[in-house]
Amino acid sequence: MILRERKDAKGFMGSMGNGEQSGAGPCLVLEELTVEFGGLRAVDSVNLTIETGERRVLMGPNGAGKTTLFNLVSGIYPPTRGKILFYGRDITQLPIHRRAALGIARTYQVTNLFRCLTVAENILMSCQALDSSKFVMYRPLSSYSHHAKRCDQILEEFNLAEKRNELIKNLSHGDQRHIEVAMALAEKPRLLLLDEPAAGLSDAETKELSALLRRLDPSITILLIEHDLDVAFEFAEKITVLYHGKFLTEGTKEEIKNNEVVHEIYLGAE
Amino acid sequence: MLMKELFNSKTKIAGIVLGLIFLMAMPPLYSSYWISLLTQMLIFAVLAMSLDVLMGYSGLSSFGHAGFFGAAGYVTAILTTRYEMGFLACFFSGIALPILISMVFGLLVAHATGVSFLIITLALGMCLWGIAFRWVTMTGGDNGISGVMRPDLGWGINLTDPLTFYYFVLSFFLIALVMLLILVRSPFGHSLKGIRDSESRMRVLGYHTWLHKYLAYVVAAGFAGAAGVFWAFFNGFISPYDMDLNASIEIILMVILGGPGTLIGPAIGAGIIVFLKNFISAYTERWLLIIGSIYILTILYAPQGLVNLIQDWFSGRRCKAETAAKAAQAEECKTWDK
Amino acid sequence: MFDFLLVQTLNGLSFAALLFLLSSGLSLIYGVMKIVNIAHGSFFMLGAYVGMTVLNKTGNFFLAALAGGLSVGILGAIMERGFLRRFPLQAMPQMMITLGFALIFRDLSLLIWGGDPYLLDAPQFLKGSTTVLGVVFPIYRLFIFGVAVVVAIALWLFNDKTLVGAKLRAAVDDHEMARGVGLNVPLISGFMFGLGAFLAGFGGVMGGPIFGVYPGLDFELLSLGFVVVLVGGRGSLLGSAVGSILVGLVDNFGKALIPELSYFTLFAPMALVVALKPSGLFGKE
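Keep in mind the model is a prediction, meaning the values are calculated, not measured.

## Quick notes on the overall build of chain C
Scanning chain C for helices and strands turns up 12 helices and 2 strands. By the compact-globule yardstick of 19 Å for 285 residues, chain C fits well, its C-alpha radius of gyration being 19 Å. For the C-alpha atoms alone, the extent of chain C along its principal axes is close to 60 × 50 × 35 Å. Burial status across chain C gives 54% buried among its 285 residues. Put simply, 76% of the contacts in chain C that link residues at least 6 apart link residues at least 24 apart.

So, in structure tokens, the structure goes:
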């Protein structure tokens, strides 16, 4: 089962230069991370440390800055202040695509797939993303057997094999959310940022998704934003709560469940 | 469903066979008017396909594409009329200049997307036109350069004979078509489609999208240049009018009419536009009025172009135009994504 | 040397004045309504043609200017209401439609006015020259610079200071909200587009005595207009002004110093701006 495959060195491990391997030091460290948009601090001096293999959930009412935090980590815009360290390496100024090469993958809250392409074509886009073959102009993509095999693997794993030739726009929302996760996993990431994977899913689909999340390779570090409290609490080992862009509190499931302040901000926000 | 697919591929094969018969086997029977027309169609088909790589496959609308076409034409004209150079010299130089120009322009253009790309390429295309128009000592200015003679390539291939030249151009078209088909099916071509659909996702996946766009721009320029070389030889004459904004717009029309993102569509679109232009011009001068109206009607009622329309009819897939429309709307909502 | 510089600068500035009239409308439409109006140069040209006809019939230059502007303004409003509104916020289809219209306008003007170039007749009291700092310079060119300044101030006041200006901005920033607050968005959109067209048409008549009107003027000016918008930044009035001056001066000095490569001289400042500040000098991100 590929989801449980040991994620071996992909070649870029050695090229990182600092000699770290997964397991040595925390996966992700955010130091005083701040971003301001026209006077508004969407993320305000957030400090966060996530260990390798952790299942961390990011919670907070709407507008707390969770997606903004994801955008900062994936590199969509630079922070106004602060640092982002990935396995000890400062990636704060690194362009988006280079972060992916280091092993950071994310999904989107609003499905962001290639709607005019088929499921297989979407997965293949992910499979070839970190390979130099993506610049080759003289050979058909179908001739790259290692990409095709990986694509088949992923399709099998996510029960999408029969739908491989369907256009994304013709699929159900639930299937699309699955493909979002599948796309991110195809690149064998070391850090996976999941932005509300259960958004818009029915109860049955949500249960399927939870099962999927449980089966994910334990060596992958996962940071999850999720509004559905059931999914969040089932998945989390540790929970960080943000409020108005600032770090509010952190703790285990139990601690957060019983935290008065957290209750207040959630009830108050409703 | 299965029947539809079978029908679809059978129709495609039938279409290809018929097309080959018309283009390869039958021409000796055609009148010189038709040979000339077909030659023109094939040249513009390559030009339109080159733009499709940018417009249809990468989602980048270039409004200055005729600039590369014309630049190559001028190189060819200058090399033959003033330096009496042969076909190969003209061909390679004719492709080299647009490639060099696009390598410089690309630095400015590859960062842009959507509307900014449009405007920058428009301005750049006009800069090239401006040189052709005002650098009178080199380009002949408004009068252009005439007297471009087709060479005798030896081995019995005398390009001054219209039928021989036609087959020469046909070979060029088929080679270009095959090369471009390979390109769009390659991993690079696949990346372009991804950039078209969601550049943001591509970057997050790890694609250096700037580089892909840059390369696509240069490759498209190269093919446009190749077409330009053949145009200069066909027409015997090159002028700034071959590369002004109007010309760039005509290529866009060909792509839109035929259906962006299909390669064959724009080729057919080119054929239709060339035919209409010649045909209509024989009866009325109101060519622009007619083509402008056709254009507006196409946008209003068949925004995905003819080939896609026909494909849709067979398989009920109505993707690209709708998605493009939705994407444009969604663009407004993506405030977090720069 | 000083004389040469002065004359060329004044020439450049008068050209800049026309560019401003053209590009302010273009920038307005592009920056605020997100429509790339390929027919904008056509508006300029049509305005000049209509103005010429009115001038020939009435002999009144200012009436001609008004007529040129208004007729094109109404045409623009019709174009927006009748066709562009079918594709709200979809840049590509809207642009394509304006493109189709540009071709149609070109042909119609060929049909109605023929292919010969014409020079409009400036009003008598503006003909002739005057001395500026020891250099002889046509009065009319100074006049259009003055007109452009007046228009610029008027636009700025309108946009910044009036309630209507605020409503316009609101309507474009957020259709839904604007509608919710009771603003008549369709009317406002049509008006905006029409205003931009009016400015272009008016500019066309103004430019008539100097640059004339001929087929091909539409696309030549469209390109220059886009260069101005690129350099100055879209949606910015100040950007249109500064961009027009820059482009006007560069183009003019280019023509005077290296006429053969003069179109290319525009390339340099444009490239610089696009490379360093992609949104233009005064453009919003």
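## Quick word on the overall build of chain B
Per the secondary structure count, chain B includes 14 helices and 2 strands. Counting the 338 residues in chain B, one finds 53% classified as buried. Across chain B, contacts joining residues at least 24 apart in sequence account for 77% of those joining residues at least 6 apart.

## Notes on the interface of chain B and chain A
Each side of the interface is counted separately: chain B has 27 residues, and chain A has 34 residues. Of the residues assigned to the side of chain B that touches chain A, the class counts are 9 nonpolar, 9 polar and 9 charged.

## Examining the packing of helix 2 (residues 32-57) of chain B against helix 11 (residues 264-283) of chain B
Residue and element names in this part refer to chain B. Two elements in contact, helix 2 and helix 11, have axes whose closest approach is 7 Å; the angle formed by their N-to-C orientations is 135 degrees. When the axis of helix 2 is compared with that of helix 11, the two are oblique. In this structure, helix 2 crosses over helix 11, and the sense of that crossing is right-handed. Counting all contacts with helix 2, which are made through Leu 37, Gln 40, Met 41, Phe 44, Ala 45, Leu 47, Ala 48, Met 49, Leu 51 and Asp 52, the residues of helix 11 involved are Pro 266, Ala 267, Gly 269, Ala 270, Gly 271, Val 274, Phe 275 and Asn 278. Residue composition of the contact of helix 2 with helix 11, by class: 13 nonpolar, 4 polar and 1 charged.

## So, the environment of B:Gly236
All names here are of chain B. For Gly 236, the location among the structural elements is in the loop between helix 9 (209-235) and strand 2 (237-238). For Gly 236, a count of 14 C-beta atoms within 10 Å corresponds to the partly exposed category. The spatial distance from the C-alpha of Gly 236 to the C-alpha of Gly 73 is 9.9 Å, given a sequence separation of 163 residues. Those residues in contact with Gly 236, other than ones at most four positions away along the chain, are Ser 146, Gly 147 and Val 148.

## Digging into the packing of helix 8 (residues 187-205) of chain B against helix 9 of chain B
The relative placement of two packed helices is expressed as an angle between their axes plus a distance between the axes. Residues and elements named next belong to chain B. One way to put it is that helix 8 packs onto helix 9 with a least axis distance of 10 Å and a crossing angle of 155 degrees. Here helix 9 runs roughly antiparallel to helix 8, going by the angle between their axes. Crossing angle aside, the handedness with which helix 8 passes helix 9 is left-handed. Here helix 8 contributes Ser 191, Leu 192, Ile 195, Glu 199, Met 202 and Arg 203 to the contact with helix 9, which in turn contributes Thr 209, His 212, Lys 213 and Ala 216. Residues of the contact of helix 8 with helix 9, tallied by class, amount to 4 nonpolar, 3 polar and 3 charged.

## Description of unusual backbone geometry
Residue and element names in this part refer to chain B. Not every positive phi belongs to a glycine, and Glu 84 is a case in point at roughly 45 degrees. Among the structural elements, Glu 84 can be located in the loop between helix 3 (66-83) and helix 4 (87-109). You can call Glu 84 exposed: it has 10 C-beta atoms within 10 Å. Its identity is not glycine, yet Leu 263 carries a phi of approximately 60 degrees, on the positive side.

## Re the interface of chain B and chain C
If you look at the interface, chain B gives 37 residues, while chain C gives 35 residues. For the side of chain B that touches chain C, the secondary-structure elements that each account for two or more residues are helix 5 (114-134), helix 6 (136-139), helix 10 (245-258), helix 12 (287-301) and helix 14 (320-333) of chain B. The biggest single contributor to the side of chain B that touches chain C is helix 5 of chain B, with 12 residues. For the side of chain B that touches chain C, the per-class residue count stands at 25 nonpolar, 8 polar and 4 charged.

## As for helix 9 of chain B
Residues and elements named next belong to chain B. Look at helix 9: 38 Å from first C-alpha to last across 27 residues, which is about the 39 Å you get at 1.5 Å a residue. Within helix 9, 20 of the 27 residues are buried, which leaves the element mostly enclosed by the surrounding structure. Immediately downstream of helix 9, the backbone of Gly 236 shows phi near 75 degrees, a positive value.

## Looking at helix 7 (residues 203-214) of chain A
Residues and elements named next belong to chain A. For helix 7, spanning 12 residues, the distance from its first C-alpha to its last is 17 Å, which sits close to the expected 16 Å at 1.5 Å a residue. By the burial criterion, the buried members of helix 7 are Thr 206, Leu 209 and Leu 213. For helix 7, the angular spread of the buried residues around the axis is 60 degrees, confining them to a single face. What points out from helix 7, more than 90 degrees from its buried face, is the exposed set Ala 204, Ala 211 and Arg 214. The inward-facing, buried residues of helix 7 abut helix 6 (173-186) and helix 8 (229-235).

## Considering the pairing of strand 4 (residues 81-86) of chain A
Regular strands have side chains that alternate between both faces of the sheet. All names here are of chain A. Sheet topology note: the strand 1 (residues 28-37)/strand 4 ladder contains 5 bridges and is antiparallel. Residue pairing in the sheet places Leu 28 in a bridge with Phe 86 of strand 4. Where strand 4 meets strand 5 (residues 89-90), 2 bridges bridge the pair, whose relative direction is antiparallel. Bridge pairing in strand 5 links Leu 85 to Asp 90. Between strand 4 and the antiparallel strand that follows it, strand 5, lie 2 residues; Tyr 87 among them carries a positive phi value of about 50 degrees.

## A word on the environment of A:Asp152
Within the secondary structure, A:Asp152 is located in helix 5 (residues 145-157). Sequence separation between A:Asp152 and A:Ala211 is 59 residues, and the spatial gap between their C-alpha atoms is 21 Å.

## Observations concerning the confidence of the model for chain C
All names here are of chain C. Across chain C, pLDDT averages 85, with 91% of residues at or above 70. Per-residue pLDDT, averaged within each element of chain C, yields its smallest value for helix 7 (residues 175-180) (65) and its largest for helix 2 (residues 40-58) (93). Here the predicted complex scores 0.87 on pTM and 0.85 on ipTM.

## Some words on the confidence of the model for chain B
All names here are of chain B. Of the residues in chain B, 87% reach a pLDDT of 70 or more, and the chain-wide mean stands at 85. Between the elements of chain B, mean pLDDT differs from a low of 48, seen in helix 14, to a high of 96, seen in helix 9. Here residues 1-7 scores under 50 on pLDDT; set against residues more than four positions off or in separate chains, the count is 4 contacts. Scored below 50 in pLDDT, residues 327-338 makes 14 contacts in the model with residues more than four places away or belonging to other chains.

## Regarding the pairing of strand 8 (residues 221-225) of chain A
Residues and elements named next belong to chain A. Among the 5 residues in strand 8, 5 count as buried, and that is most of the element. Bridge count for strand 3 (residues 55-59) against strand 8 is 4 bridges, and the pairing is parallel. Looking across to strand 8, one finds that Val 57 is bridged to Leu 224. Relative to strand 8, strand 7 (residues 191-195) is paired through 5 bridges, and the arrangement is parallel. Paired with Leu 193 across the two strands is Leu 223, which belongs to strand 8. Once you follow strand 7 into helix 7 and on to strand 8, the crossover reads as right-handed.

Scoring rules and cut-offs
Residues numbered from 1 in each chain as written. Chains lettered and ligands numbered in written order. Predicted model: local features only at pLDDT ≥ 70, side-chain atom pairs only at ≥ 80, totals over all residues. Helix = DSSP H or I, 4+ residues; strand = E, 2+ residues; numbered from the N terminus. Rg over C-alpha atoms; globule rule 2.2 N^0.38 Å. Buried ≥ 20, exposed ≤ 12 C-beta atoms within 10 Å, placed from the backbone. Contact = placed C-beta atoms within 7 Å. Nonpolar A, V, L, I, M, F, W, Y, C, P; charged D, E, K, R; others polar. Axes fitted to C-alpha atoms, helices over the stretch in contact; angles between N-to-C directions. Parallel < 35°, antiparallel > 145°, perpendicular 65-115°, else oblique. Left-handed = near helix turned anticlockwise from the far one by under 90°. Expected span 1.5 Å × (residues − 1). Arc of directions from axis to C-beta. Pairing = 2+ DSSP bridges. pLDDT = per-residue confidence, 0-100. Right-handed = clockwise from strand over helix to strand, strands pointing away.

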